[in-house]
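One letter stands for each residue in the lines below.
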Amino acid sequence: MKNFIERANEIKQELVEIRRYLHEHAEIGDNLPVTTQYVMEQLTNLGLEPKEICKSGITAVIKGGKPGKTILLRADMDALPMQENNNLPFRSQTNYAHTCGHDLHTAMLLGAARMLTEHRENLIGNVKLMFQPAEEIFTGSAAMLKSGLMDSPQVDAAIDMHVMTEQACNTISCRSGFVTASCDGFKITVKGKGCHGAQPQNGIDPINVAAHILISMQALIARETPPSKLAVLTIGNLSAGTTPNIIPETAVMQGTMRCYDKDLRAHLFKRFNEMTIYTAKAFGAEAEIEILSDVPSIYSNPEMMEQSIGYLKELSECFAYDYDYLVTASDDYARITELVPSIFFAIGAAPDNPELVYPNHNPNVIFNENCIPVGAAMFAHCAYRWLADHAE
């Protein structure tokens, strides 16, 4: 059998063309009609039978020639609601942009699917492909799970990858245990009592209440988070009123809380609710909390991670490794990691020119397409080897 990295480099240009088509036709959320049709056509051309199990959520199964377990490979497909700032010949033709690299992820997984189908007779078990919408708004994973993603056949393990421009190509970053932060997004509506700005005694100022809630929240980090653990609480939006001489009826705050430790997350969220409600009550106001997101942390199974690092060292001697990769960003692949042993890799995608390095989600970001065959080979080789090592 040909080494997967050699085969991936043979089909590199075809995978690059897939990525560029997706980049030009960037779509957002779970409204991915062009992307969905294109990916399903690519899978059908491989002899697979793709299914759209929820809006823009695609699965397909590569059935091995021998019975065994099932491993899930996941790629996200949605772009961001922003314009990119570059002169690439395949620049987005829509009002959206793949500035997070999901177009590369999709091309990688399609490449892995092609290589695995070429070797399906020797494959022990099944590879289930997960092409997910709406990662950027943290709803796609839950929608696919609700639609039976983990069944028929039952999934036993999972692998996910993400390109990052902070690392050079051929650099693989990973970590055993929690890798990404949880993300609890929230919206707080403070309900006071409006009145003339010259007569504050006749009302209840929701702006003042919101300010006290904001300040009290800082104590959750400074006084209720152990120094050995990490947590971030950010208010990114506070809006109220329309004119300087009127105390408004309401004030609205929006923000996120992120951490890694599951127990700390539960404690902080409980105290966050208590502080918000009772601070408002102390001023005679009311506060309503709306949850905008509740994404857990990605957890990389230590045993599976150790095995997979071994597989990657078989695959190529050219990879550099960062074994202590930890990020405060979030990803709803985390929901999969709560259900089955799973791992997560970050793949270096920095441009060769250091002056062109910008972070993901930046309108100027440029990804190094040399990472595409690397990701495709990693997906294929790790899946193939894991299934062989766990044959029943």
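A few points on the structure.

What counts and how
Throughout, a residue's number is its position along its own chain's written sequence, starting from 1. pLDDT decides what is reported in this predicted model: residues at 70 or higher carry local features, side-chain atom pairs at 80 or more are listed and counted, and totals for whole chains, interfaces and linings draw on all residues regardless. Where side-chain values are given, they derive from all heavy atoms of the structure, hydrogens and water being excluded. Put simply, DSSP marks the helices as runs of H or I at least four residues long and the strands as runs of E at least two long, and each gets a number from the N terminus on. For a helix, the expected span equals 1.5 Å multiplied by the residue count minus one. Buried, partly exposed and exposed residues are distinguished by accessible area as a fraction of the type maximum, computed with a 1.4 Å probe on protein chains only: under 20%, between the cut-offs, and over 50%, respectively. In short, DSSP must find at least two bridges between two strands for them to pair. Taken from the helix axis, the directions to the C-beta atoms give the arc we talk about. By the criterion applied in these results, polar contacts are pairs of N or O atoms within 3.5 Å in which, for protein atoms, one can donate a hydrogen and the other can accept it, and in which residues neighboring in sequence qualify only through two side-chain atoms. Lines fitted to the C-alpha atoms define the axes, with helices restricted to the stretch that makes contact. Angles between their N-to-C directions range from 0 to 180 degrees. Contact definition: two residues touch when any of their heavy atoms are within 4.5 Å. For this analysis, a nonpolar core means a set of buried residues of the types Ala, Val, Leu, Ile, Met, Phe, Trp, Tyr and Cys, connected via side-chain atoms within 4.5 Å. Oblique is the label for every angle not falling under 35 degrees (roughly parallel), over 145 degrees (roughly antiparallel), or within 65 to 115 degrees (roughly perpendicular). Crossing handedness is defined as follows: a turn of the near helix away from the far one that is anticlockwise and smaller than a right angle gives a left-handed crossing, while the clockwise case is right-handed. Three categories are distinguished: nonpolar for Ala, Val, Leu, Ile, Met, Phe, Trp, Tyr, Cys and Pro, charged for Asp, Glu, Lys and Arg, and polar for the others, with Gly belonging to the last.

1. A look at helix H10 (residues 371–389)
Turning to step 1, where the next piece is worked out: Between the first and last C-alpha of H10 there are 27 Å, a value that for 19 residues agrees with the 27 Å anticipated at 1.5 Å per step.
Turning to step 2, where the next piece is worked out: Of all 19 residues in H10, 16 are buried, a share of seventy percent or more.

2. Side note on the pairing of strand E16 (residues 342–348)
Turning to step 1, where the next piece is worked out: Among the 7 residues in E16, 7 count as buried, and that is most of the element.
Turning to step 2, where the next piece is worked out: Both faces of E16 are covered, namely the face carrying Ser342, Phe344, Ala346 and Gly348 and the face carrying Ile343, Phe345 and Ile347.
Turning to step 3, where the next piece is worked out: With 7 bridges joining them, strand E5 (residues 157–164) and E16 adopt parallel strand pairing. Paired with Ile159 across the bridge in E16 is Ile343.
Turning to step 4, where the next piece is worked out: Pairing analysis gives 2 bridges linking strand E6 (residues 171–173) to E16, with the strands arranged antiparallel. Bridging across to E16, Ser173 finds its partner in Ala346.

3. Structural notes on helix H7 (residues 262–282)
Turning to step 1, where the next piece is worked out: Its 21 residues give H7 an end-to-end C-alpha distance of 30 Å, which sits within 8% of 30 Å, the value for a rise of 1.5 Å per residue.
Turning to step 2, where the next piece is worked out: When we look at burial in H7, the residues that qualify are Leu264, Arg265, Leu268, Phe272, Met275, Thr276, Thr279 and Ala280. All buried residues of H7 project into a common sector of 105° when viewed along the axis, lining one side. Exposed and oriented more than 90 degrees from the buried face of H7 are Lys262, Asp263, Lys270, Tyr278, Lys281 and Ala282.
Turning to step 3, where the next piece is worked out: By the N-cap criterion, in which a side-chain oxygen at the helix start approaches the backbone nitrogen of a residue two or three places on, H7 is capped by Asp261, the distance to Asp263 being 3.0 Å.
Turning to step 4, where the next piece is worked out: Where H7 ends, the next residue or the one after it, Gly284, has phi of about 80°, a positive value.

4. Observations concerning the sheet that holds strand E13 (residues 286–295)
Turning to step 1, where the next piece is worked out: Strand order across the open sheet formed by 4 strands is E10-E12-E8-E13, with antiparallel pairing between neighbours. Single-partner strands in this sheet number two, and they are strand E10 (231–240) and E13. Adjacent strand axes in the sheet meet at a mean angle of 15°, parallel and antiparallel pairs treated alike.
Turning to step 2, where the next piece is worked out: Of the strand pairs in this sheet, E10 and strand E12 (residues 250–259) are connected by 9 bridges, and their pairing is antiparallel. Residue pairing across strands places Thr234 opposite Thr256, the latter belonging to E12.
Turning to step 3, where the next piece is worked out: Strands strand E8 (183–191), E10 and E12 of the sheet are contacted by helix H6 (residues 206–222), whose axis makes an angle of about 175° with E10.
Turning to step 4, where the next piece is worked out: Where H7 meets the sheet, its contacts fall on E8, E10, E12 and E13, and the angle it forms with E13 comes to roughly 160°.

5. Looking at the environment of Leu43
Turning to step 1, where the next piece is worked out: Mapped onto the fold, Leu43 is located in helix H3 (residues 33–45).
Turning to step 2, where the next piece is worked out: If we skip the residues at most four places from it in the chain, Leu43 touches Leu48, Pro50, Ile58, Ala60, Leu110, Ala113, Leu129 and Phe131.

6. What to know about the sheet that holds E6
Turning to step 1, where the next piece is worked out: Within the open sheet, the 8 strands sit side by side as E1-E2-E4-E3-E5-E16-E6-E15. Their pairing is mixed. At either margin of the open sheet sits one strand with a lone partner, and together these are strand E1 (51–54) and strand E15 (320–322). Going across the sheet, the axis of each strand differs from the next one's by a mean of 25°, ignoring polarity.
Turning to step 2, where the next piece is worked out: With 4 bridges connecting them, strand E3 (residues 66–76) and E5 associate as parallel partners. Each residue of the ladder has a partner; that of Leu73, found in E5, is Ile159.

7. Some words on the nonpolar core
Generally speaking, nonpolar side chains in soluble globular proteins are found buried as a group.
Turning to step 1, where the next piece is worked out: Membership of the largest hydrophobic core comes to 65 residues, with the highest contact counts inside it found for Leu43, Leu116, Val127, Leu129, Phe131 and Phe345.
Turning to step 2, where the next piece is worked out: Residue contributions to this core peak at 13 residues, all from H10.
Turning to step 3, where the next piece is worked out: Not counting chain neighbours up to four residues away, the residues in contact with Phe131 comprise Val39, Leu43, Ser56, Gly57, Ile58, Ala75, Met77, Thr106, Leu109, Leu110 and Met144.

8. Some details on the packing of helix H2 (residues 12–24) against H3
Turning to step 1, where the next piece is worked out: The geometry of H2 relative to H3 is characterised by a closest axis approach of 10 Å and an angle of 160° between their N-to-C directions. Here H2 is positioned roughly antiparallel relative to H3, judged by the angle of their axes. Handedness of the crossing formed by H2 with H3: right-handed. On the side of H2, the interface is formed by Ile18, Tyr21 and Leu22, while H3 contributes Val34, Thr35, Tyr38 and Gln42.
Turning to step 2, where the next piece is worked out: Tallied by class, the residues present in the contact of H2 with H3 amount to 5 nonpolar, 2 polar and no charged.

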